[in-house]
Amino acid sequence: MKVLLLKDAKEDDCGRDPYIRELGLYGLEATLIPVLSFEFLSLSSFSEKLSHPEDYGGLIFTSPRAVEAVELCLEKDNKTEDWEKFLKEKWSTKSVYVVGKVTAFLVNKIGLDFEGENCGNAEKLAEYICSRKLPALPLLFPCGTLKREVLPNMLKDKGIPMESITVYQTVPHPDIQGNLHSYYSKQGIPACITFFSPSGLRYSLKHIQELSGDSIGQMKFAAIGPTTARALAAEGLLVSCTAESPTPQALATGIRVALQPHCHC
């Protein structure tokens with residue numbers, strides 16, 4: 001059975017995308033089509049903040065793009081040497097909170113330890129942060145233009161200082177329509193389509209509806225988490241599977257169950 005994953009490819013240590021690998025273990029043939037692109041913003045301002053770890057109590061990363069923004073700052077401003085010499089060590093004395101395994105992997109790659117990676121979403125991470133003993137200095141939160149206000153509001157309600165800076169914006173991938181058309185022409189109608197964000201749904205749904213036609217009623221729709229599932233439901237689509245956690249293993253397990261005959265998951 002064919003499964004379409006609306007996300008960009010991320011290679012693991014084995015050189016394969018972990019979602020394709022996990023679905024393959026269940027005999028499911030998965031294809032990736034990226035639907036989002038990212039443009040980075042305010043990097044000079046962010047770079048200046050990264051140069052002054054003494055002003056902050058720690059960092060919050062809720063997406064891989066926010067960590068990529070750190071890497072871009074270091075490259076763009078020739079601060080890689082400063083990072084290795086002393087900045088990394090200073091930030092290492094502070095708490096770094098993350099959501100998700102991919103974000104955690106990238107944080108580890110720039111040389112920082114992290115906590116909270118198993119929280120699964122920003123709301124649960126906020127609960128985790130609120131349970132910690134925190135310094136009086138603000139937490140630095142690099143984020144995107146589409147960030148939800150749940151985490152900032154929860155920290156504010158608990159009196160935890162936080163400084164957010166928008167470092168990227170989400171835009172439609174330029175090749176969404178062409179890539180989807182090519183997939184449908186070669187592979188036909190997929191048994192299941194998985195969405196990884198509300199914005200990914202918004203940018204791709206119209207094309208999927210046009211290409212699927214009347215067959216859309218036979219397809220299963222999966223979501224990586226509850227926020228995306230709610231966005232699907234708001235579009236009038238039946239959500240057959242919501243991953244219990246935003247991991248390849250949880251998603252593959254959910255899709256396998258949803259694709260079994262007579263399943264109403």
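What you see as residue numbers is a count from 1 along each chain, following the sequence as written. With pLDDT at 70 or above as the cut-off, local features in this predicted model cover only qualifying residues; side-chain atom pairs require 80 or more to be listed or tallied, and sums for whole chains, interfaces and linings still use all residues. Heavy atoms from the whole structure form the basis of all side-chain values; hydrogens and water molecules are not counted.

Trainee: Even after reading the chapter, I still don't get the sheet that holds strand E2 (residues 29–32), so can you show me in this structure?
Mentor: Sheet strands pair via backbone hydrogen bonds, and the direction of the pair is either parallel or antiparallel. The pairing criterion is simple: DSSP has to find at least two bridges between the two strands. Secondary structure counts use DSSP, requiring at least four H or I residues in a row for a helix and at least two E residues in a row for a strand, with both numbered from the N terminus. Reading across from one edge, E2-E1-E8-E9-E10 is the order of the five strands in this open sheet, with parallel pairing throughout. Unpaired on one side and paired on the other, E2 and strand E10 (239–242) mark the two borders of the sheet. Going across the sheet, the axis of each strand differs from the next one's by a mean of 25°, ignoring polarity. Throughout, an axis means a line fitted to C-alpha atoms (over the contacting stretch in the case of helices), and angles, computed between N-to-C directions, take values from 0 to 180 degrees.

Trainee: Got a minute to help me understand the packing of aromatic side chains in this structure?
Mentor: How two aromatic rings sit relative to each other is given by the distance of their centres and the angle of their planes. Pairs were defined over the aromatic rings of Phe, Tyr and Trp, the Trp ring being its six-membered one, requiring ring centres within 6.5 Å. Orientation was assigned from the angle between planes: stacked under 30 degrees, edge-to-face over 60, tilted for the rest. The tally for this structure, following the rule as stated, stands at six aromatic pairs. For a lysine, the NZ atom is tested; for an arginine, the CZ atom; a charge sits over a ring if that atom is within 6 Å of the ring centre and within 35 degrees of the ring normal. Positioned above the aromatic ring of Phe-196, the side-chain terminus of Lys-7 is 5.9 Å from the ring centre. Above the face of the Phe-38 ring, Arg-65 is positioned so that its terminal group lies 4.1 Å from the ring centre.

Trainee: What's the story with helix H8 (residues 176–187) in this structure? I'm lost.
Mentor: Counting along an α-helix, one turn takes 3.6 residues, and residues three or four places apart therefore face a common direction. With twelve residues, H8 should cover 16 Å at 1.5 Å per step; its first-to-last C-alpha distance of 16 Å lies within 8% of that length. Each residue's exposure class comes from its accessible area (1.4 Å probe, protein chains only) as a fraction of the maximum for that residue type: buried when under 20%, exposed when over 50%, partly exposed otherwise. Taken together, the buried positions of H8 are occupied by Ile-176, Leu-180, Tyr-183 and Tyr-184. Angularly, the buried residues of H8 cover 95° about the axis, an arc narrow enough to put them on a single face. Along H8, exposed side chains directed more than 90 degrees from the buried face belong to Ser-185 and Lys-186. If you follow the buried residues of H8, they end up packed against strand E1 (2–6), E2, strand E7 (162–172), strand E8 (192–195) and helix H9 (198–212). Phi turns positive, to about 85°, at Gly-188, one or two residues after H8. Under the convention used throughout, the expected extent of a helix is 1.5 Å for every residue step, that is, one less than its residue count. This arc is built from the directions going out from the helix axis to the C-beta atoms. Residue contacts follow a heavy-atom distance rule, with two residues in contact if any of their heavy atoms lie within 4.5 Å.

Trainee: Help me understand the packing of helix H6 (residues 122–130) against helix H7 (residues 150–157), please; the structure alone is not making it clear to me.
Mentor: For any two helices packed against each other, one specifies the crossing angle of their axes together with the interaxial distance. Running from amino to carboxyl end, H6 crosses H7 at an angle of 20°, the nearest separation of the two axes being 8 Å. Of the possible angle classes, the one that applies to H6 and H7 is roughly parallel. In the packing of H6 onto H7, the handedness of the crossing is right-handed. Taken together, the residues of H7 that come into contact with H6 (itself represented by Ala-122, Glu-123, Leu-125, Ala-126, Glu-127, Ile-129 and Cys-130) are Val-150, Leu-151, Met-154 and Leu-155. In this classification, the charged set is Asp, Glu, Lys and Arg, the nonpolar set is Ala, Val, Leu, Ile, Met, Phe, Trp, Tyr, Cys and Pro, and all remaining amino acids, among them Gly, are polar. Along the lines of polarity and charge, the residues of the contact of H6 with H7 split into nine nonpolar, no polar and two charged. Angles below 35 degrees are treated as roughly parallel, those above 145 as roughly antiparallel, those between 65 and 115 as roughly perpendicular, and all remaining angles as oblique. By the definition used in this description, the sense in which the near helix is turned from the far one sets the handedness, with an anticlockwise turn below a right angle giving left-handed and a clockwise turn giving right-handed.

Trainee: Can you walk me through the side chain of Ser-212 in this structure?
Mentor: By secondary structure assignment, the location of Ser-212 is in helix H9. Ser-212 gets classed as buried once you look at its relative accessible area, which sits at 4%. Under the rule applied, a polar contact is a pair of N or O atoms within 3.5 Å (in protein, one hydrogen donor and one hydrogen acceptor; residues adjacent in sequence only if both atoms are side-chain atoms). A distance of 2.8 Å separates the side chain of Ser-212 from the backbone oxygen of Ile-208, its partner in a polar contact. When sequence neighbours within four positions are dropped, the list of residues in contact with Ser-212 reads Tyr-184, Ile-189 and Met-219.

Trainee: Please explain helix H11 (residues 248–258) as it appears in this structure.
Mentor: Those residues of H11 not exposed but buried are Pro-248, Ala-250, Leu-251, Ala-252, Gly-254, Ile-255 and Ala-258. Residues of H11 that are buried in the fold lie against E1, helix H1 (18–25), E8, strand E9 (220–223) and E10.

Trainee: How do you make sense of the sheet that holds strand E3 (residues 36–40) when you look at a structure like this?
Mentor: Taken together, five strands build an open sheet; the order of strands is E3-E7-E6-E4-E5 and the sheet is mixed. Each edge of the sheet is formed by a strand with only one pairing partner; in this case those strands are E3 and strand E5 (95–98). Each strand axis lies, on average, 25° off the axis of its neighbour in the sheet, ignoring direction. As paired strands, strand E6 (residues 139–144) and E7 are joined by six bridges and run parallel to one another. Within E7, the residue paired with Gly-144 across the bridge is Tyr-168.

Trainee: Looking at this structure, I do not really get the nonpolar core. What am I missing?
Mentor: Nonpolar side chains in soluble globular proteins generally cluster together in the buried interior. In terms of nonpolar packing, the biggest core is built from 26 residues, with Phe-46, Phe-61, Trp-91 and Leu-112 touching the most fellow members. Sorting the residues of this core by element identifies helix H2 (43–50), strand E4 (58–61), helix H3 (64–76), helix H4 (80–92), E5, helix H5 (101–109) and E7 as the ones contributing at least two each. The element contributing the most residues to this core is H3, with six residues. When neighbours within four sequence positions are excluded, Trp-91 is seen to be in contact with Lys-49, Leu-50, Pro-53, Tyr-56, Gly-58, Leu-59, Trp-83, Leu-112 and Leu-140. Buried Ala, Val, Leu, Ile, Met, Phe, Trp, Tyr and Cys residues that are joined via side-chain atoms within 4.5 Å together make up what is termed a nonpolar core.

Trainee: What should I look at first to understand the environment of Lys-2 in this one?
Mentor: Considering the arrangement of structural elements, one finds Lys-2 in strand E1. Residue Lys-2 is classed as partly exposed on the basis of its relative accessible area of 25%. Here the alpha-carbon distance between Lys-2 and Leu-23, two residues 21 residues apart in the chain, equals 9.9 Å. Excluding anything up to four places from it in sequence, Lys-2 contacts Glu-29, Tyr-183, Gln-187, Pro-190, Ala-191 and Cys-192.

Trainee: Just to check I follow, could you spell out the environment of Leu-106 for this structure?
Mentor: By secondary structure assignment, the location of Leu-106 is in helix H5. Taking the relative accessible area as the measure of exposure, Leu-106 reaches 9% and is therefore buried. With residues up to four places along the chain from it excluded, the contact list for Leu-106 reads Pro-64, Val-67 and Glu-68.

Everything listed is a geometric property; what it means functionally is a separate question.
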